[in-house]
Amino acid sequence: MAAPVVPSSFQIYNSYVEDPKWQIKFTIIWCSGVALAVAVSVPSVILGLRHGRSLKGITGISETNGYQSANFDDKEPPPTHRKSRRLVGAWNALISPTYWSPPKLGLNLGQIVVVSAYLAAVLVCIIKDVPLISNPNRAGFLALAQFPVVFLFATKNSIMSLLLGPGNGYEKLNFIHRIAGRAMFLAGCIHGSLWISNHLQYGLPILGPQKETSGVASLALLCIIVLTSLRPVRRLFYEYFFVIHVLTYVAFFVTICYHTLYASPWIFPPLAFYGADVLLRLFRYRIKDATLTAQDAHMTLIRVHNCDDGWLAGQHVRLRVFFSNRMFESHPLTILSAPPSHSCLSSPGFLLAARCDGDWTQALNNYTRKEQERLQINKKFEGDSAAFVQVMLDGPYGGSSIDLGLYESVLLIAGGSGVTFTLGLLDDIIGRCIKLGRSQGERTRRIEFTWCIRSFGQIQWFTPMLIDIATAAANSTIDLHFSIFVTCLCDPEAVPHIPNSIVTLSRPSIQNLLKDFISLPPSSEGDDSVEIRFDESQKLHSFGGGVAVCASGPETLTREVQNAVAGLGLTMNMNAGGITLHTELFTL
């Protein structure tokens, strides 16, 4: 005869048996979400592997001991299958609403859906079938279960960047790291506050016993981690934030292991993710000679020597410059040139630009100008002098999720120093089409390069590069046009001569600019003169072979571009052959 079974309604809830099961359930949920994202990304990963984009730069910047520059071999683009492009347009119209981004939030609709689903999964797993008030262990177990998520999306060399395809670097995935960290804090607060309430209710000590003391210490450290990682703190005191972040999570690991034996299994995945990140960084570190040139008091150009390959246009590196007492600081800078094998620049190479927007960039510019003045006084160099330094490179990372060669029309939009991203993309696609002879079947026929700046003088920062690219595209199969919008009437005599360019004193409407680019015919033929206009921008048209839109710059600009693309209807998407968007916004 079998032993009698106590009805479930009379059983005492055993959290150490039941709650680990909910940890497994939560892990299955987020792993299923990751698997779905990877499955959706399979086509882009395969395409990236076929075109050599997915694994480019995985071992860092390379030196080929003398690159072979390609000769000009301009060819007509291959024909486009209009019916298949209309299907692509219908799919892009379906997903384009996910680009919509509300102000101040820093997330688009697609990211908001991901964040909402994640928080819903956490909360459901915390409150489902548990007497949480009397036994709040479930919340503590769910806090531990989020360790792998926090670290998987935190490291710069995450396996997710490879599985999701080109353009999904750590800076694009970091929002999941932030929301997982805050969800862990929420779970920890539920667990800790209810336990403290129960201890006070029954007269038990909150501090003294090891379990209680280590629990309070863990919650305090988690609170410090979250509060010091809020956006205002990161932006104003990034160096302090970084040091505090590293030290406190190490201390948090120690205290949480003292608090509960159930923490140990969840510590190993983060250690594995972090160890893999450090190992890959060792392969990507480079120490190189470089020259610094101050364009003016606001912009410094950095040319790193002996770097010929190993990056994609639009990627960035974390740069450490050994000057003065700032050698321990590293900062992200976008590579503004294509690899020399197909770059259109007259002096190709590995080029970076640092606009003065903080104490480090200002110190770098001051150092460069003083060194240039000293070299000119000593008369050791003729003409333009440059300051020689050594730098450390970590990267490359990130890049564009869009292969511009798959689209007949390309719209590049930049604001301020965000032009370093779009300028690199422009140099790359022009070089691939003209110098490499469309060797990978590039379809690009027309490019509109739009740059929004505050003063006419800022055009001088990259005038030689723009002229080189415009000259390479002249009399070719690519219709390249430059539209430069200046928002302040200052230094108007500084407008340089850039072929096929229009300089307009206005702030453009991105929505009108995009619609005009897609739907309206050209109003005039381009020439080799510079025209300064004070009315609406030139009308352009698309050929129905797909439109790629890439934007980089301030958050207000990228959000306006996102909302403009999200607002395009099904008809416009299908007629254009699909409209794809990539935005680049590097914020702390």
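Owing to the predicted nature of the structure, the values given are computational and were not obtained by experimental measurement.

Q: Any chance you could explain the overall build of the protein here in plain terms?
A: Each helix and strand counted, the protein has 17 helices and 13 strands in total. For 588 residues, the compact-globule estimate of 2.2 N^0.38 gives 25 Å, and the protein sits close to it at 27 Å. Taking all 588 residues of the protein together, the buried fraction comes to 52%. Within the protein, contacts between residues at least 6 apart in sequence are counted, and of these 77% link residues at least 24 apart. Accessible area of the protein: about 27,200 Å², with a carbon and sulfur share of 63%. In the protein, 47 side chains carry a positive charge and 43 a negative one; their mean positions are 8 Å apart.

Q: Can you help me understand the pattern of salt bridges in this one?
A: Here the idea is simple: oppositely charged side chains can pair when their charged atoms come close. Per the stated rule, a full pass over the model turns up 15 salt bridges. For aspartate 19, the salt bridge goes to arginine 138, with nearest N and O atoms at 2.7 Å. With aspartate 19 in helix α1 (residues 15–50) and arginine 138 in helix α4 (residues 137–145), the pair connects residues that are 119 residues apart, well separated along the chain. Looking at arginine 138, the relative accessible area reads 0%, which means it is buried. Here glutamate 555 and arginine 231 are joined by a salt bridge, their closest N and O atoms 2.7 Å apart. Of this pair, glutamate 555 sits in helix α16 (residues 555–566) while arginine 231 is found in helix α9 (residues 231–236), placing the two residues 324 residues apart along the sequence. The buried category is assigned to glutamate 555, whose relative accessible area is 19%. Assessed through its relative accessible area of 23%, arginine 231 is described here as partly exposed. Salt bridges sharing partners connect three or more residues here, namely Asp403, Asp428, Arg432 and Glu442.

Q: Help me understand the packing of α1 against helix α3 (residues 109–127), please; the structure alone is not making it clear to me.
A: Between α1 and α3, the least distance of the axes is 10 Å, while the angle of their chain directions is 165°. The angle between the axes of α1 and α3 places the two elements in the roughly antiparallel class. For the crossing formed where α1 meets α3, the hand is right-handed. On α3, the residues that touch Trp22, Phe26 and Ile29 of α1 are Tyr118, Ala121, Val122 and Cys125. Each residue belonging to the contact of α1 with α3 can be placed in one class, and the counts come to seven nonpolar, no polar and no charged.

Q: I'm lost on the confidence of the model for the protein in this one. Help?
A: Caution applies to low-pLDDT regions: their predicted coordinates should not be interpreted in detail. Per-residue confidence for the protein averages 87 on the pLDDT scale, and 91% of its residues sit at or above 70. The low-confidence segment residues 521–542, where pLDDT is below 50, has 62 contacts with residues more than four positions distant or belonging to other chains.

Q: Even after reading the chapter, I still don't get helix α14 (residues 463–473), so can you show me in this structure?
A: Residues three or four positions apart in an α-helix share a direction because the helix packs 3.6 residues into each turn. Among the eleven residues that make up α14, eight are buried, leaving the element largely enclosed by the rest of the structure. Among the residues of α14, Thr463, Met465, Leu466, Asp468, Ile469, Ala470, Ala472 and Ala473 are the ones counted as buried. If you follow the buried residues of α14, they end up packed against β2 (299–304), β5 (350–355), α13 (419–435), β8 (446–453) and β9 (479–486).

Q: Hey, could you run me through unusual backbone geometry in this one?
A: The omega torsion across glycine 395 and proline 396 is 15°, close enough to zero to call that bond cis. Tracing the backbone shows proline 396 in strand β6 (residues 387–398). At arginine 438, a residue that is not glycine, the phi angle is positive and equals roughly 55°. Examined against the element boundaries, arginine 438 turns out to sit in the loop between α13 and β8. On the basis of relative accessibility, which here comes to 6%, the residue arginine 438 falls in the buried class. The phi torsion at asparagine 475 lies on the positive side, around 55°, for a residue other than glycine.

Q: Is there a simple way to explain the side chain of arginine 438 in this structure?
A: A distance of 3.0 Å separates a polar side-chain atom of arginine 438 from the backbone oxygen of glutamate 442. Within the structure, the side chain of arginine 438 is placed 2.9 Å from the backbone oxygen of threonine 444, a separation counted as a polar contact. Apart from the residues lying within four places of it in its own chain, the contact partners of arginine 438 are Lys75, Glu76, Pro77, Arg432, Cys433, Arg443, Thr444, Thr477 and Ile478.

Definitions and limits used
- Residues numbered from 1 in each chain as written.
- Predicted model: local features only at pLDDT ≥ 70, side-chain atom pairs only at ≥ 80, totals over all residues.
- Heavy atoms only, no water.
- Helix = DSSP H or I, 4+ residues; strand = E, 2+ residues; numbered from the N terminus.
- Rg over C-alpha atoms; globule rule 2.2 N^0.38 Å.
- Buried < 20%, exposed > 50% of the residue type's maximum accessible area, 1.4 Å probe, protein only.
- Contact = heavy atoms within 4.5 Å.
- Areas by Shrake-Rupley, 256 points an atom, 1.4 Å probe, with all protein chains shown as cover.
- Lys, Arg positive; Asp, Glu negative; His and termini not counted.
- Charge placed at Lys NZ, Arg CZ, Asp CG, Glu CD.
- Salt bridge = Lys/Arg side-chain N within 4 Å of Asp/Glu carboxyl O.
- Axes fitted to C-alpha atoms, helices over the stretch in contact; angles between N-to-C directions.
- Parallel < 35°, antiparallel > 145°, perpendicular 65-115°, else oblique.
- Left-handed = near helix turned anticlockwise from the far one by under 90°.
- Nonpolar A, V, L, I, M, F, W, Y, C, P; charged D, E, K, R; others polar.
- pLDDT = per-residue confidence, 0-100.
- Polar contact = N/O pair within 3.5 Å; in protein donor to acceptor, adjacent residues only side chain to side chain.

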